[in-house]
Amino acid sequence: MRDRLLILSVFVVASCGLAYELITGALASYLLGDSVLQFSSIIGCYLFAMGVGSHLSQYVKDERVLDTFVEIELLVGLIGGLSASVLFAVFAWTGESFRLTLYALVFVIGVLVGMEIPLVMRALNQREARFAELVSRVLTFDYLGALAVSLLFPLVLAPKLGLARSALLFGLSNAAVAVWTCRVFRHELLRPAVQYLRSLVVVMVLGSGFMVSDMLTHWNEKAIYGDEVIHAETTPYQRLVLTRWKNDMRLYINGNLQFSSRDEHRYHEALVHPVLGALPWARQVLILGGGDGLAAREVLKYPNVQHITLVDLDPAMTTLFRTSAPLVALNGGSLNNPRLNVVNQDAARWLEQHDAEFDAIIVDFPDPSNFALGKLYSVPMYRLLSRHLADNGLAVVQSTSPYHAPRSFWSINATLQAAGLMTTPYHAYVPSFGEWGFILAAHHPGYIPPQHYQVPLKFLDREATRQMFFFPPDMQPWKMQPNELNNQLLVHYFEQDWSQVIR
Amino acid sequence: MQIARRDFLRTAAALAGLPLLAGCHQVLGWGLPVEVMRPGMAEGHRLRDTTRLPSPRSTRQVDTVIVGSGAAGLFAGWQLVREGYRDFVVLNGPEPDGNAAAGAFGEWRYPTGAHYLPLPSSESAHVRALLVEMGVIESGGDSLRPRFDERVLVHAPDERLWRDGQWQDGLLPRGLGPDDNAQQQRFFQHVRQLQQQRGIDGRRVFTVPAALASQDPAWRALDRQSFASWLAAQGYTAPGLMWYLDYCCRDDYGSTLAHTSAWAGLHYFAARGGHAANAEDGAVLTWPDGLNPVLRHMRGRIGAERQLDGAAWRVQPQGRQVQVDYVDAHGAQRLLARRVIMTTPLHVAWHLLPHMASLGFEHQQLPPRAPWLVGNVLLERFPAEPPQQPLAWDNVVYGSRSLGYVVATHQLIRTALPERTVFTTYHAFADADPMASRQSLAAASTDSLFEQAMTDLYTVYGPRLRRHMLAARLTVRAHAMASPQPGFLSNPGLAALRAVDGPILFAHSDLSGLSLFEEASWWGSVAARKILG
C-alpha cells in the first residue's frame, strides 16, 4: 500500500514537472515571441537542470531520503506554483531582468524536479522491491504523468485557468504529495512535525495565491496595457498588442497607442476626407503606413477611386487586419477589397524604387520619436513624395499634435514648405490622443476645404470641417526651422515637446 | 590525465558555444564566412619580383594613357572628357577605385577604404565642380557656402565616443577634468587662428590642396619637427586631448603623433575650411559605400569604352612615344601613347618605370606607407544600443588603438530600421614599423585578422555581437597611404615629380604626401591640364 502510494506520487510529480516546463515555455513565447526559440531553449535548460538535480541526488544520505523528498516537493510546489505569477509580475513591472529571472527559475525548478525521481527510486529500493520491477513501474508512471499533462495543459488548463492559476494548481499538487507522504510515512520521517508544519504553510501560500491570482493577473496586465490582451504578437519589426475593454478595442505598437475603436473614426475621417473630399476626380490613391486598413476604409467610400496602393512594412500587421474577425469588422474588410493592393515593403524605399503618380497620398507614419523615424519627416523625403504626387493632387501627413507638440507640428510644416510644397495645416480632437494635427500639401496654392461630403461620415460635416482649419489663439503657428537630416531638429523638438506634457 | 580532462572540457565548452575561454574570439569566428582581400598584392609582388617579361600579343595606339584608376586617375579622365578630349584610355590596374573602393553583401554596400569627403573649401574648386555635376552641390557652387544635397550630408547623430562603458556625443572626450577641458579649448582656439593665418606671400598657411598653401619658410619650418614635440613645446599634455589628436593622426595619416610632421598634424585641423549653407562647419559627405559613388560618377562620364582591365608591368619611352605594356585576362598587351599619366602610388611607379631615377627621384625618397586593415561585417540585425545613446555614423572607442566603426546604412531613409546592416571597422598599423607590420600581415591567419578587425566592436557590444554576424570581409591594404613624417614637405624627389612635364606625367596624392581625395584629384586635374596644354 505504502509503495503503491509512492508510485502514485511519481505520477503526480511527473505531471507537475512537465507542467512547469510547459507553463514557462508558453509564458516566454507569449511575452517574448518566437515560440520555437523560447520553447527549445526552455526545454533545453530544464532538461539540463534535471540532469544536475539527478547528479546532486546522490549526496542525499540514505536515512534522509524521505525527508528530503518531502522538502523538495514543498520547494517545487512553492517555486513552481508561483513561477508564472512571479514572471508575469517581473515582466510587467521591470521588464529588463525578465529573461534572467525566467532562466533562473527554470533552472532551479529543473534541478529540484530532477532530484525527485531518483529519491523515490531510492526510497523504494530501501524497501527491497525488485530492481527490475521498480525501474519499470517508476518510469511507466513517470511517462504516464507526462502524457496526462501534455494533453490536459493545452486543452483544459491553459484555456480555462490561465497560466498563473495552472501553475498554482500544480504547485498545490506537489504540496499535496508532500502532505500525503508526511502522513503515510510519519514513522519513518526524522522530523514529521516540522515537515507537517512546513507543508501547511506552503499549502496556505499557494491556496491564497490561487484565490487572488485573478486579481494579480489583472493587475499585472493592467500595468502593461490597462486592459485585457486579446492578441499579442512580436514580429521582426514591432510588437503588436490588441486589447479589449467592453466595446473598446485598442492597438498598441511597441507599447504606443495606435488607435482606440471608440474614436478612431475621428482620426481617420480627419486624415482622409479633407483630401479625398476635395478631389472628386481622384482615381489613384497611395497610403503609406496605415496597415490597419482604417484609412483605406475611408478612401474606399469614394466610388471614383479606382485603385489604392497601401505600403506597410509589416506583413504580420496587414495579415492580422485582413483575417481577424473583429478587426475586419472594424476596417470593413478594406484590406481584402479588390480595389486595394497591399505592398509589404519599407515605404521610403518603395517611393525610391517606383515612379507611379497618385492623385492623393496619405502619409500615416509613426511619430518622429527617434533619429531613424525623424528621417521620414525630412526635405528629401518630402521631395520624393512630391515627385509621386500628381500636379493637381493632394497629400496629407499625420503631423503630431499642434497643441501638445507645437514645435514638432510647425517644424513639419516648415519642412514640407522647404521641399517646395504649399501647405494647409489643420487639426481635430481625438479623445484618446488629444488635439491631433495634420498637414495638407499640394504643388499649387489655393486649397479650399470641402463644404460638404458625398459619402457617409460620423464626425465631419460642414461646421466640423470649418473648425478643423481654424486655429484658435492657444494654437497659433510657431516659427520653427525645417527638419534637416544632418541636425534632425525635429527629433529634439519632439523630445522637448513631450517632456513638457508627460509627467 | 589532468590535461586531457581540461582539453575535454575546453572542447565541450567550445562545442556548446559557451564564450568561457580567454582569447575566445577565434572560437567566436567559427562558422562565420570570413573572406580576406588583399587588393593588388599578387600583381604588385609579381611586378617587384619578375625579371622576365612576356612579349605583347597586340599593340594599340592612343593619344594618352592613364595608368591606374584611383581618385587621381579617374579625376584626370573626368576632366579630359569634360574638356572635350576623348582620345585616351584608363588602365584600371589591380586595384580599381584605389582607396575609394567599395564592396557589397548582396544589396548592402559598404566601403573597403575611405568613407567620407569633407565639405570642399573654396580652394578645392576642382572638387566642387565635380560635386556640382553630380548634383551633390545643389546651388552656390562658387559661393562660400554652397547648398548640399541633404541625403549626402552625414545625418545626425554623426559621431559618438565610447568611454567608461557609455557613449558621449562627438569624438572629443569630455569630462576628463578642468585641465583637459581648458587645453582642448586652447587647442581649438589656436586652430581657429591658424585657419585664417596667412604667410608673407599672402596665401593661407594651411589649405587643401596643399599645393596652394603659403610657401612662407617661417611656417613651413613646422615640418621640421614632429607633431608630438610641437604639442609638448606648446604645453599641450592633457591625456584626453592627446588621445584625440593621436587618434586623428592615425585616422588620417596612419601614423602616431611622434611620427607625424607638425605641419601635417595642424593641417588636419586648420586646412578644412569648407562651409555649407545647410550644414554646420565640419560636416562631411558620405554614402553607404563611402565615397565610391564619386568614383562611379567619374567612370560613368569617362565611359566604359575608355576603361581597360589589366595591370601595367612596364612603362618606358620609345622614340617619341611611350610604350605601356600590361597584362589582362588574354595575356600581354601593349599601348603606344603620346603621353602617359602615372596615377599609381609612387612605390608601384618605381617598379613600372625603369628610368624614374633620371627624373630626379631616388628610391629612398619614397614616403613611408602605413598598412591598414578594413573590416566589413554583415549583421542580420542592429545590435541593441543603450537608451538615449543611439547608433551614430562614426563610433569610436576612447583609448583604443583601432579607429572605431562606421555604419553603412546610416544614410538610408526608412520607415523602420533596415533589416540588415554593415559595420565597417578601421585599423591603421601606426604603432609598429610599417615594414614589420606588412610582414606580419602577410603571414597573419584569417582568425587573427578577424580578431584584430573586430576589436572595437567586441569592446562595445561584447562577444554576443557574433550572434548577429552573417559574413565578414577583411581588406588588407598593406601599402594603404603615405604617412607625412617630419620633413615630408621638403622631399626634393616629390618636388621633381610634381614639376615633370614630359611625355610621362605623375598624378597621385603621394605627390602631396597627404592621402586625401582632394589631393589626389588635384594632381589628376593638374595632369589633365598639362595634357590639354
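Residues numbered from 1 in each chain as written. Chains lettered and ligands numbered in written order. Predicted model: local features only at pLDDT ≥ 70, side-chain atom pairs only at ≥ 80, totals over all residues.

The next thing to look at is the pairing of strand S10 (residues 422–430) of chain A. Residue and element names in this part refer to chain A. As paired strands, S10 and strand S11 (residues 434–442) are joined by 9 bridges and run antiparallel to one another. Paired with His427 across the strands is Gly437, a residue of S11. In this antiparallel pair of consecutive strands, S10 and S11, the connection spans 3 residues. (Pairing = 2+ DSSP bridges. Helix = DSSP H or I, 4+ residues; strand = E, 2+ residues; numbered from the N terminus.)

The interface is formed by 16 residues belonging to chain B together with 22 residues belonging to chain A. Its residues assigned to classes, the side of chain B that touches chain A comprises 10 nonpolar, 3 polar and 3 charged. (Contact = placed C-beta atoms within 7 Å. Nonpolar A, V, L, I, M, F, W, Y, C, P; charged D, E, K, R; others polar.)

To continue, consider the confidence of the model for chain B. Residues and elements named next belong to chain B. Looking at chain B, the pLDDT average stands at 91 and 94% of residues meet or exceed 70. For the stretch residues 1–27, pLDDT sits under 50, and the model shows 15 contacts to residues farther than four places along the chain or on other chains. At the level of chain-chain contacts, confidence expressed as ipTM amounts to 0.70, with global pTM at 0.75. (pLDDT = per-residue confidence, 0-100.)

Turning to the sheet that holds strand S8 (residues 358–364) of chain A, a few remarks are in order. All names here are of chain A. Judged by pairing direction, the sheet is mixed, and its 7 strands sit side by side in the order S7-S6-S5-S8-S9-S11-S10 without closing on themselves. Bordering the open sheet on either side are strand S7 (340–343) and S10, each of which pairs with just one other strand. Averaged over all adjacent pairs, the angle separating strand axes in this sheet is 15°, with direction ignored. (Axes fitted to C-alpha atoms, helices over the stretch in contact; angles between N-to-C directions.)

With that settled, the discussion passes to the domain arrangement of chain A. What the domain assignment reports for chain A is domain 1 (2–224) and domain 2 (263–499). Each of domain 1 of chain A and domain 2 of chain A has a C-alpha centre, and these two points are 54 Å apart. (Domains from an automatic or database assignment.)

Residue and element names in this part refer to chain B. Among the 11 residues that make up strand S16 (residues 369–379), 11 are buried, leaving the element largely enclosed by the rest of the structure. Of the two faces of S16, the one carrying Arg369, Pro371, Leu373, Gly375, Val377 and Leu379 and the one carrying Ala370, Trp372, Val374, Asn376 and Leu378 are both buried. The pairing of S16 with strand S20 (residues 469–482) spans 10 bridges and is classified as antiparallel. By the bridge assignment, Ala370 is partnered in S20 with Met481. When S16 meets strand S19 (residues 421–428), the two strands line up antiparallel, connected through 8 bridges. Bridging across to S19, Leu379 finds its partner in Thr421. (Buried ≥ 20, exposed ≤ 12 C-beta atoms within 10 Å, placed from the backbone.)

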